[in-house]
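Per-entry structural report
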Amino acid sequence: MGETILVAGGAGYIGSHVCKALARNGYLPVCYDDLSTGHASAVKWGPLEKGRLGDAVRLAEVIDRHRPSAVVLLAGFIAVGESVVDPARYYLNNVAETITFLNALKDAGISHLVFSSSAAVYGAPRQTPVGEDHPTWPANPYGWTKLMVERMLADYAPAYGMRSVALRYFNAAGADPDGEIGEDHDPETHLIPLALDAALGRREAITIFGDDYDTPDGSCVRDYIHVSDLADAHVLALGWLRGQTQPTAEAFNLGNGNGYSVKEVIATAGRVTKREIPTRMAGRRSGDPAILVSDAGRAKDVLGWTLRHADLETQIAHAWAWHGKKAAAPTD
Ligand code: UDP
């Protein structure tokens, strides 16, 4: 077995796909997760160590047992709307506990880190597509928590010799093409799984949050990126970090550069599922920018990242295959 990588949040949607990609590339992923939102059943490629981000004692024990050479940090709360309503919870988990986590890495002499950041760091974009040099001014507390950790990593590089990459995800979508893992949030807040639930008749309708945006059909435009493509970028980032001789803190956008509106996503989900998806109109969701589309050229040029599933229909088809399976399975 190759190098061990500690994957904090490895039982979650993106984290489980990262663990699979790591294993496929010869690494042993050790999942560190408190299972507050993740699922033990999604941990299939290495051991699961239960623990909180902010539990320094537990973390030191896990690091001592597994001796990881690098860390991928995905653990965190992710719901934009919830972060507006309850920012304290977000700052506590995504910042305060994360500081403890980073300091535990520092104390253990682990200097290679890939961090899950978000396109939410840009806030309402001034132009589109958004490159990494676009000003960062988040529109919601979730985005601020991500930006704060990015800022810390920039300061930890020269001070402690940290080498880190922050991956700014646009909208993660789809599921493992082999059907082994997929999205399973509770409560679900994301557009595609909710639309698929509506297709399955598990909810009455999908609500469209706002149709008065300055976009072609009035609904919000987002850049959907397949979760397996996202996962691949983490493996590439670890390899890239290995080649860095100097402390560094870099950020890379991960998106596919194509924007789809909420209404287009729902229409595509209707075509993929061959079912009618009832919709309901509602007002804007707080904190949502009108358009968020990436320029991910840097990840392609520097990390050598390529997309295997850029097409929205494929992403939704993979999500649909997983969704049907999940609907039929018992929950854990
Ligand atoms: N959205 C929607 N109805 C829903 C959930 C989401 O219209 O039930 C919209 C949301 O306002 C945003 C887009 O779909 O414009 C993507 O939202 P999601 O929550 O999936 O991801 P986010 O962009 O918040 O990361």
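Our subject in this report is the structure included herewith. (Residues numbered from 1 in each chain as written. Predicted model: local features only at pLDDT ≥ 70, side-chain atom pairs only at ≥ 80, totals over all residues. Heavy atoms only, no water.)

Let's talk about the pairing of strand β6 (residues 163-169)
- Burial analysis of β6 places 7 of its 7 residues in the buried class, the great majority of the element.
- Burial along β6 is two-sided: Arg163, Val165, Leu167 and Tyr169 facing one way and Ser164, Ala166 and Arg168 facing the other are all buried.
- When strand β5 (residues 112-118) meets β6, the two strands line up parallel, connected through 7 bridges. Within β6, the position partnered with Ser118 by the bridge is Tyr169.
- As for the winding sense of the linkage, the β-α-β connection from β5 through helix α5 (residues 141-160) to β6 is right-handed.
- Relative to strand β11 (residues 248-254), β6 runs parallel, the two being bridged by 7 bridges. Opposite Arg163, over in β11, you have Thr248 as the bridge partner. (Buried < 20%, exposed > 50% of the residue type's maximum accessible area, 1.4 Å probe, protein only. Helix = DSSP H or I, 4+ residues; strand = E, 2+ residues; numbered from the N terminus. Pairing = 2+ DSSP bridges. Right-handed = clockwise from strand over helix to strand, strands pointing away.)

Things to note about the site of the ligand
- What surrounds the ligand is a group of 16 residues, the closest being Asn171, Leu191, Thr207, Arg285 and Asp288.
- Taking Leu191, its main chain carries an N or O atom lying 2.8 Å from an oxygen atom of the ligand.
- Within the side chain of Asp288, an N or O atom sits 2.5 Å from an oxygen atom of the ligand.
- Considering the ligand on its own, with 520 Å² of exposed area, one finds that the protein chains cover 90% of that surface.
- Those elements giving two or more residues to the shell around the ligand turn out to be α6 (191-200) and β8 (206-209).
- Tallying contributions element by element places β8 first for the shell around the ligand, with 4 residues.
- Residue composition of the shell around the ligand, by class: 9 nonpolar, 4 polar and 3 charged. (Near = heavy atom within 4 Å. Polar contact = N/O pair within 3.5 Å; in protein donor to acceptor, adjacent residues only side chain to side chain. Areas by Shrake-Rupley, 256 points an atom, 1.4 Å probe, with all protein chains shown as cover. Nonpolar A, V, L, I, M, F, W, Y, C, P; charged D, E, K, R; others polar.)

Re the nonpolar core
- Membership of the largest hydrophobic core comes to 35 residues, with the highest contact counts inside it found for Ile5, Ile14, Leu22, Val72, Leu238 and Leu254.
- When residues of this core are traced back to their parent elements, those giving at least two are β1 (4-8), α1 (13-24), β4 (70-73), β6, α7 (227-242), β11 and α9 (297-303).
- Looking at this core element by element, the count peaks at 9 residues for α7.
- When near neighbours in sequence (up to four residues on either side) are disregarded, Leu254 contacts Leu167, Arg168, Tyr169, Phe170, Ile225, Leu230, Ala233, Ala296, Ala299 and Trp305.
- Counting 25 residues, the second largest nonpolar core, distinct from the first, contains Leu59, Leu102, Val149 and Met162. (Core = buried A, V, L, I, M, F, W, Y, C linked by side-chain atoms within 4.5 Å. Contact = heavy atoms within 4.5 Å.)

Observations concerning the sheet that holds strand β14 (residues 291-292)
- If you walk across this open sheet you meet the 3 strands as β12-β9-β14, and the pairing is mixed. With one partner strand each, in any of the chains shown, β12 (260-261) and β14 form the two edges of the open sheet.
- As paired elements, strand β9 (residues 221-222) and β12 share 2 bridges and run antiparallel to each other. Each residue of the ladder has a partner; that of Arg222, found in β12, is Tyr260.

Section: the packing of aromatic side chains
- Enumeration over the complete set of coordinates arrives at 5 aromatic pairs.
- Plain terms: the ring middles of Trp240 and Phe252 are 5.8 Å apart, the flat faces sit at 85 degrees to each other, and that makes the pair edge-to-face. Of this pair, Trp240 sits in helix α7 while Phe252 sits in strand β11, and the two are 12 residues apart along the sequence. Take Trp240 and Phe252: they sit in the same class, and that class is buried.
- Just above the ring of Tyr160 sits the side chain of Lys106; from NZ or CZ to the centre is 4.8 Å. (Phe/Tyr/Trp six-rings, centres within 6.5 Å; stacked < 30°, edge-to-face > 60°. Lys NZ or Arg CZ within 6 Å of the ring centre and 35° of its normal.)

Brief notes about helix α10 (residues 312-328)
- Along its 17 residues, α10 runs 24 Å from first to last C-alpha, staying within 8% of the 24 Å computed at 1.5 Å per residue.
- Within the sequence span of α10, burial applies to Leu312, Gln315, Ile316, His318, Ala319, Trp320, Trp322, His323 and Lys326.
- Where α10 is buried, its residues meet β7 (171-173), α6, β10 (224-226), β12 and α8 (262-273). (Expected span 1.5 Å × (residues − 1).)

Some details on the packing of α6 against α10
- Closest axis-to-axis distance for the α6/α10 pair is 10 Å, and the angle between their directions is 60 degrees. When the interaxial angle is binned, α6 and α10 end up oblique. Crossing handedness for the pair α6 and α10: right-handed. Listed contacts from α10 to Ile192, Pro193, Leu196, Asp197, Ala199 and Leu200 of α6 are Leu312, Ile316, Ala319, Trp320, His323 and Ala327. (Axes fitted to C-alpha atoms, helices over the stretch in contact; angles between N-to-C directions. Parallel < 35°, antiparallel > 145°, perpendicular 65-115°, else oblique. Left-handed = near helix turned anticlockwise from the far one by under 90°.)

Brief notes about the pattern of salt bridges
- One pass over the full model with this rule turns up 22 salt bridges.
- Lys20 serves as the salt-bridge partner of Asp176, at 3.1 Å between the closest nitrogen and oxygen. Here the residue Asp176 occupies a position in the loop between β7 and α6, and Lys20 occupies one in helix α1, the gap between them amounting to 156 residues. Summarising the burial analysis for this pair, Asp176 and Lys20 share the class buried.
- Between Glu180 and Lys20 there is a salt bridge; the shortest N-O distance is 2.6 Å. Of this pair, Glu180 sits in the loop between β7 and α6 while Lys20 sits in helix α1, and the two are 160 residues apart along the sequence.
- Taken together, the shared-partner salt bridges connect Lys20, Asp176, Asp178 and Glu180 into one network. (Salt bridge = Lys/Arg side-chain N within 4 Å of Asp/Glu carboxyl O.)

Such coordinate-based values are descriptive only and should not be taken to indicate function.
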